[in-house]
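Residue-level structural notes
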Amino acid sequence: MIETERLLLRRLRAEDVDALVALHGDKRVNRFVSTYSHQQALERLASDKQQWTERGHGLFAVELKSSGEFIGRVGLNYWEILGEVELGWILKAEAWGHGYATEAAGACLEWGFATLDADHFIAMIGHGNTASVRVAERLGFTPLRKDVLFGHPCTVYSVDQLA
Ligand SMILES: CC(C)(COP(=O)(O)OP(=O)(O)OC[C@H]1O[C@@H](n2cnc3c(N)ncnc32)[C@H](O)[C@@H]1OP(=O)(O)O)[C@@H](O)C(=O)NCCC(=O)NCCS
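Residues numbered from 1 in each chain as written. Predicted model: local features only at pLDDT ≥ 70, side-chain atom pairs only at ≥ 80, totals over all residues. Heavy atoms only, no water.

If you look the protein chain up in an unreviewed UniProt entry, it shows as GNAT family N-acetyltransferase from Streptomyces morookaense.

Some points on the site of the ligand
Around the ligand there are 21 residues in total, and W89, G97, A101, T102 and R134 lie nearest to it. In this structure, a nitrogen atom belonging to the ligand sits 2.8 Å away from a main-chain N or O atom of W89. In the environment of the ligand, an oxygen atom lies 3.0 Å from a nitrogen or oxygen atom belonging to the backbone of G99. Considering every element that reaches the shell around the ligand, the biggest residue donor is helix α4 (residues 130-138), with 5 residues. (Near = heavy atom within 4 Å. Polar contact = N/O pair within 3.5 Å; in protein donor to acceptor, adjacent residues only side chain to side chain. Helix = DSSP H or I, 4+ residues; strand = E, 2+ residues; numbered from the N terminus.)

Some thoughts on the pattern of salt bridges
For the structure shown, the criterion picks out 8 salt bridges. The salt bridge involving R6 is made with E103; its shortest N-O contact spans 2.8 Å. Taken together, the positions of R6 in the loop between β1 (2-3) and β2 (7-11) and E103 in helix α3 (residues 100-115) put the pair 97 residues apart, joining distant regions of the chain. For E103, a relative accessible area of 16% corresponds to the buried category. Sharing partners across several salt bridges, the network here consists of R10, D16 and E63. (Salt bridge = Lys/Arg side-chain N within 4 Å of Asp/Glu carboxyl O. Buried < 20%, exposed > 50% of the residue type's maximum accessible area, 1.4 Å probe, protein only.)

As structure tokens, this is what we get:
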């Protein structure tokens, strides 16, 4: 559990499956991230649970402290093929524009640098995802290289210290 001024970050759990499907099912949200069927969301939650067990990190649900509402997820995901840990952020559209993504991802990054043996973290951002680029820049990420993610061109950003 990570607590910030306005947010609680807690590990995702199997009961979050419907919230995860709904989050990724919103057309405003899935412009640059994939949708999940119920089964795919269950599989994602299972692989996340395994990553927590094997590597000590994974995804967090983001909840508003004031109401307990689930507003999205942030977290760290190890890419075996890259040998790098990605920090990701996805919020419900109703929660955009309040600084919650930067607050949640920033806390997660601080936790990652303090807890894990990683010299940097990456963020993979699809071309045109300007809101996400702004989050990355506020956190101190800078462009590292170009790549292709699930067939879509992206820029891989990197951060090696807290902003
Ligand atoms: C990427 C995403 C999380 C960014 O959300 P966001 O609301 O723009 O980002 P933040 O929560 O950090 O909020 C920052 C904005 O809130 C504003 N804001 C309002 N009140 C604020 C406060 N109290 N503190 C900080 N910022 C505040 C800021 O000015 C900023 O606006 P700006 O970027 O237009 O200048 C969101 O667009 C999203 O979920 N997209 C879909 C999923 C996705 O693409 N994820 C990324 C994949 S790489």
